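# Results of the structural survey
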Amino acid sequence: MSSPVDTSSRPTVAAVIVSHDGARWIPILLSAIHDSSVAPDRVRCVDTGSTDASPSLLSAQFGPVVDAPSTTGFGSAVALALAGLDADAGLDADADIGSSAWIWLLHDDCAPASDALERLLETAATDASIAVVGCRVRSWPRGRRLLEVGVSVTGTGRRETGLEPGEYDQGQLGGVRTVLAVSTAGMLVRRDVWEQLGGLEPRLPLFRDDLDFGWRVAKAGLRVVVAPDAVVFHAEASTRGVRRIVSAPANPHRADRQAALFTVLANCSAVSLPWQYLRLSVGSLVRALGYLVGKLPSAAGGEIAAVSAVVLRPDVVLRARSERAGRTQVPARQLRGLFPPWWTPYRDGFDAVASRLSASSLAAGATAAAGAGTGGHARPGRRAVADVNAALMAEDAVVETAAGTSLAAWVRTRPLLSLVVVLVAGSLVAGRGLLGGGLLQGGALLPAPAGAGDWWQLYGESSHAVGLASDLVTAPYVVALATLATVLLGSAGRAVDLVMLLAVPLAAIGAYAAARRLMASVGARVWVAATYALLPVSSGSVTSGHVGTVAAAVVLPWLIVAAMPMFDRTAPARWRPMFATGLVLSVVCAFAPVAWLLALVLVLVGLPLVVSRGPRRALAAMAGAVALPVVLLAPWSLRVAAHPSLLLTEAGLVDASTHPVSGVAWQLPFGRLAAAGAAPWWLSAGVLGAALVAILRRDRRAGVAVAWLVAAVSLAVAAALAQSTVTVPGSGRAAFAWLGLPAVVAQAAAVLAAGMAGDGLPARLATASFGLRQPLVAVVGVVALLSPVAGLAWWVVAAPHGDLTRHGETPLPAYMADALASDTSHRALVLRRNGGDVTYQLIVGDGLRLGDDSVIADAQPAGLDDLVADLLSEPRPDDVRRLAALGVSYVVLPAPASPADVAALDGLAGLTRASTNSQQLAGWQVPDAGGAQSLPSASQHPSFLTDHRTWWLGGEAVGWIVALVLATPALPGRAGISRVEP
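All values reported here derive from a predicted model rather than from experimental measurement.

## Some details on the overall build of the chain
- Looking only at helices and strands, one finds 37 helices and 21 strands in the chain.
- Relative to all contacts within the chain whose residues are 6 or more apart in sequence, the contacts with residues 24 or more apart total 77%.
- Surface summary for the chain: the accessible area is close to 41,900 Å², and the carbon and sulfur share equals 62%.

This is the structure we're talking about:
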């Protein structure tokens, strides 16, 4: 062992090595200590019940090894070593240990660099307040990958390193940095501070002991720092499951999570303790559910066991907090800089789930490709995942580019990211008049309620104070929007804005994922994604406020992603993709029920012809996928069965201004329905032309034929429903059904046909002999390529907003809204005139909100239509009494109001003018308005739907959870703790 020339000026260092079945790593550790430029003054080793050669390897170099039971934790083992060192030096328990004595903690699976101890001591000498110094931790045995450069902890107990996965050591995070904690592998700590704080927490035998100790050091007013040039290599054998855990629960996830919960609850401030108890309890249950969905039952069980062992033992937590209370010198607010932002665990959790699902999906795709090439089945493994991930990185993952790399090269390496950036920017420019305060509304789109809680309440309640009240089953799209709003911190308005104003980039992401399943060319994928993404705006679905069609169009591409594995001949079973397809279809059907009719027709009429040439079991899986929404969307599906016309409604109001499909039938192949704000039909001509020419490509003829079959079925369904009408809720009047989704599906199928034909086309044409086909394809290809460019230009520059506007939260003056909100038995009658037609709306509380449209009773009391007609034509004194009997307290004419209508209401005896802004609306008050009139029938549903609403909701929740579990692929490795071979 080498020694420095002069050791008289440096502090004394006692090294402590703890081993447990570490014979495979100890030789490298011993060699590292031997080569150290500064040797520790004393070394004491503790072995915790090893069954291999660990004790003999250590004793051969450092003398007798302290034997300890296998259940001894790391902190307790260090305490045994220090007691032995003190006994050797003749020190008793009360001896005064100065600040010049330091302890160097070493694991048996770590190896410090030759100058590590020297650099640690140099850093320790820079400031008297430094109590703990840690190393830059890198991968074993001499890897460049960084594992830690100091650590912190989030409010959820997650260990936070601040490093990207696989980040290499390039000298980043240099300089002496104050951190919350450092790894105990290579930790240098002042002996007096160690004794003052009681060493490592014995209740944390293996995990999070470093975080707990660093947190206590910081609260004592001392510093934990990282020495920028000190490096230690660490195998992390226990964390990664390479060796069996004895001193902690055998489940690594449970041991780690239990330690995390204890660390946070034992050290957080007293003010935040109740909140942390609630947050960690609920969060652990959610995490357990996520692990169960991801088919990680061991991790789910470990999560529940961990929360039970800590949260349900407040006595243990309070005892630990009491022990720490007397050593705290610094208030919690002064330590905030040592912790990551509050949103960090949620960002990391989302990234982790996304990456694992992506890895599983890519592995399945690689397996299918391998099976297709070999004619057999290849089970996905870690190598397949790695190979596919490497290919994906080369295509469009975010990678570092060298200085001076051109923008074009940056775009080529990130095609999807580049497209999304362009489309988000385009969305902001195109929606420039729809940004700001107020709520998005207009056309079929009602304003959003105040928050996600209103949607949850609407879905769960059995009686709705809407219009003249109803007990109708709420449409399931309300749950989808409520879930989205909950994720967006409870903002319902933000959820609607996201769907309507960012539909184009959201649709592009799904379309690119679907194109990746079908096409090898990145250029073809980008074209498909860009062209499909514009369909919600070019069809006029966005500008006419048809939120159902828009949301369905965003989700629709994921049907391809979910359904493709059903047609894989090599797959042993198709039940997982069946459930995945059924889940996605359920979401689409929740927003646009006509999607279920389309899917049913495709299965019954078209796809059996294709399946007859492919795997027969796929047909059964497809039938199951189509049947699953009926189950998952109950009891709504029962309401639809009783009233089939509901299949032709969707999320949002029934738009009375919808044109009949028969009048614009020639525009249907171009994805147009004469909606407000739709793009000119000829912008889609290039896509349709390319789809027609696509059938000429023989090697892609099967895929193109399937796309054309989907398009033909969609157009046929639209044609069959051309004259269909639906009831406008609350009025009993009929309106033509909006068939935007079949038009979007037909156009999407044409986009896919053109994209599949264009996949690899340049290379194919280059090797073919010249003929008339080449110039024809070239002309059509150029026009098709220009279609999304022209569509994007129209959307950003010239597209009108159509019916969409942004207004305040209620169309009524504040005092009217407050009066109606305080007594929901009273209403306001809002009258609107459009030419010769008069429409009316009964407002309860703050008015109709998105979701209320699904629970408005179809029928109104007899004579209400006549009453409204009388008010604006030949009002009679008896009309005031009739209004009061309906609970109408106010009559309102929004601007611009017809002078004749205003005069008619002014002349009606008994009505008194209300205080309003004449530029916004004219209003009248009805005296002596009575309570709300009930509907003619007390119930709109059979008793088994209304009397057992809670059971229906519970059954729905269980059904979705079961379907999610069956649909989700098993995630590789443990939850956050992956096993590696030594």
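## Thoughts on the packing of aromatic side chains
- Under the criterion given, the structure shown has 6 aromatic pairs.
- Among the aromatic side chains, those forming a connected cluster through ring pairs are Trp666, Phe670 and Trp681.

## Quick word on the packing of helix H23 (residues 575–591) against helix H37 (residues 949–967)
- Between H23 and H37, the least distance of the axes is 7 Å, while the angle of their chain directions is 135°. Classified by the angle their axes make, H23 and H37 are oblique. As for how H23 packs across H37, the hand of that crossing is left-handed. Every residue of H37 that contacts H23 at Arg576, Phe579, Ala580, Leu583, Ser586 and Val587 is listed here: Trp960, Ala963, Leu964, Leu966 and Ala967.
- Looking at the contact of H23 with H37, its residues break down into 9 nonpolar, 1 polar and 1 charged.

## Notes on the environment of Leu966
- Looking at the secondary structure, you find Leu966 in helix H37.
- Given a relative accessible area of 37%, Leu966 falls into the partly exposed group.
- The sequence separation of Leu966 and Pro577 amounts to 389 residues, and the corresponding C-alpha distance is 8.9 Å.

## What to know about the side chain of Thr581
- Its place among the elements puts Thr581 in helix H23.
- Note on Thr581: relative accessible area 7%, which makes it buried.
- A polar side-chain atom of Thr581 sits 2.7 Å from the main-chain carbonyl oxygen of Pro577.
- Apart from the residues within four sequence positions on either side, Thr581 is in contact with Leu559, Ala562, Ala563, Met566 and Ala625.

## Examining the pairing of strand E4 (residues 101–107)
- Of all 7 residues in E4, 7 are buried, a share of seventy percent or more.
- Side chains Ala101, Ile103, Leu105 and His107 project from E4 onto one buried face, and the interleaved Trp102, Trp104 and Leu106 project onto a second face that is buried too.
- Pairing analysis gives 7 bridges linking strand E1 (residues 12–19) to E4, with the strands arranged parallel. Residue Val18 lies in a different strand from E4, and its bridge partner there is His107.
- Bridge count between E4 and strand E11 (residues 188–190): 3 bridges; the pairing is antiparallel.

## Some points on the state of the cysteines
- Evaluated as defined, the whole model comprises 0 disulfides.
- Cysteine Cys135 shares no disulfide, and the gap to the nearest cysteine sulfur, in Cys110, comes to 8.5 Å.

## Brief notes about the pattern of salt bridges
- Applying the stated criterion across every chain, the model contains 26 salt bridges.
- Notably, a salt bridge pairs Asp169 with Arg136, separated by 2.7 Å at the nearest N-O pair. Of this pair, Asp169 sits in the loop between strand E9 (159–160) and strand E10 (177–179) while Arg136 sits in strand E6 (residues 130–139), placing them 33 residues apart in sequence.
- Its salt-bridge partner being Asp315, residue Arg319 comes within 3.9 Å of it at the nearest N-O pair. Pair noted here: Arg319 and Asp315 are both in helix H10 (residues 314–325), with a separation of 4 residues, about one helical turn.
- Residue class for Asp315 comes out partly exposed when judged on its relative accessible area of 34%.

## A closer look at the confidence of the model for the chain
- In the predicted model, the chain carries a mean pLDDT of 81, and 82% of its residues have values of at least 70.
- Residue range residues 1–7 is modelled with pLDDT below 50. Its contacts to residues more than four positions away, or to other chains, number 16 contacts.
- Under a pLDDT of 50 for its full length, residues 932–939 has, in the predicted model, 17 contacts with residues more than four places off or in other chains.

## A short note on a nonpolar patch on the surface
- A grouping of Trp275, Leu278, Val282 and Val286 is seen on the molecular surface, where their side chains present a nonpolar patch of about 410 Å² in accessible area.
- Its place among the elements puts Val286 in helix H8 (residues 273–293).

## What to know about the pairing of strand E12 (residues 223–234)
- Here E12 lies mainly inside the structure; 10 of its 12 residues are buried.
- As paired elements, strand E5 (residues 110–112) and E12 share 3 bridges and run antiparallel to each other. Bridge pairing in E12 places Cys110 opposite His234.
- Relative to E12, E6 runs parallel, the two sharing 8 bridges. In the sheet register, Ile130 faces E12, and the bridge partner there is Arg223.
- Here E10 runs beside E12; their pairing, made up of 3 bridges, is antiparallel.

## Details of the nonpolar core
- Core analysis: the biggest nonpolar cluster contains 124 residues, and Trp455, Tyr477, Met500, Trp795 and Leu850 have the highest contact counts within it.
- Considering each element in turn, this core owes the most residues, 10 residues, to H23.
- The contacts of Leu850, once residues within four sequence positions are left out, are Leu445, Leu446, Pro447, Ala448, Pro449, Trp455, Tyr477, Leu481, Val496, Val547 and Gly652.
- Leu29, Phe62, Val137 and Leu188 belong to the second-largest nonpolar core, a separate cluster that totals 32 residues.

## Overview of helix H21 (residues 547–555)
- Most of H21 sits inside the fold, with 9 of its 9 residues counted as buried.
- Among the residues of H21, those classed as buried are Val547, Gly548, Thr549, Val550, Ala551, Ala552, Ala553, Val554 and Val555.

## Some remarks on the environment of Leu82
- Turning to its location among the elements, Leu82 is positioned in helix H3 (residues 74–89).
- When the C-alpha atoms of Leu82 and Ala15 are compared, they prove to be 9.4 Å apart, with 67 residues separating the residues in sequence.
- The residues contacting Leu82, other than those within four sequence positions of it, are Val16, Ile103, Arg191, Trp194 and Glu195.

## Some details on unusual backbone geometry
- Cis geometry marks the peptide bond from Ala634 to Pro635, where omega comes out at 10°.
- With respect to the helices and strands, Pro635 occurs in the loop between helix H25 (617–632) and helix H26 (636–642).

## Brief notes about the environment of Trp708
- In this structure, Trp708 sits in helix H28 (residues 701–720).
- Spatially, the C-alpha atoms of Trp708 and Ala691 are 8.2 Å apart, while their sequence positions differ by 17 residues.
- Contact partners of Trp708, with chain neighbours within four places excluded, come to Leu688, Ala691, Leu692 and Ala753.

## A closer look at helix H9 (residues 297–310)
- Its 14 residues place the ends of H9 20 Å apart at the C-alpha level, agreeing with the 20 Å of an ideal helix rising 1.5 Å per residue.
- Every buried residue of H9 is accounted for by Ala299, Ala300, Gly302, Glu303, Ala306, Val307 and Val310. All buried residues of H9 fall inside an arc of 160° around its axis, so they share one side.

Conventions and cut-offs
Residues numbered from 1 in each chain as written. Predicted model: local features only at pLDDT ≥ 70, side-chain atom pairs only at ≥ 80, totals over all residues. Heavy atoms only, no water. Helix = DSSP H or I, 4+ residues; strand = E, 2+ residues; numbered from the N terminus. Contact = heavy atoms within 4.5 Å. Areas by Shrake-Rupley, 256 points an atom, 1.4 Å probe, with all protein chains shown as cover. Phe/Tyr/Trp six-rings, centres within 6.5 Å; stacked < 30°, edge-to-face > 60°. Axes fitted to C-alpha atoms, helices over the stretch in contact; angles between N-to-C directions. Parallel < 35°, antiparallel > 145°, perpendicular 65-115°, else oblique. Left-handed = near helix turned anticlockwise from the far one by under 90°. Nonpolar A, V, L, I, M, F, W, Y, C, P; charged D, E, K, R; others polar. Buried < 20%, exposed > 50% of the residue type's maximum accessible area, 1.4 Å probe, protein only. Polar contact = N/O pair within 3.5 Å; in protein donor to acceptor, adjacent residues only side chain to side chain. Pairing = 2+ DSSP bridges. Disulfide = S-S within 2.5 Å. Salt bridge = Lys/Arg side-chain N within 4 Å of Asp/Glu carboxyl O. pLDDT = per-residue confidence, 0-100. Patch = residues over 30% accessible without salt bridge, like charges linked within 9 Å, V, L, I, M, F, W, Y side chains within 5 Å. Core = buried A, V, L, I, M, F, W, Y, C linked by side-chain atoms within 4.5 Å. Expected span 1.5 Å × (residues − 1). Arc of directions from axis to C-beta.

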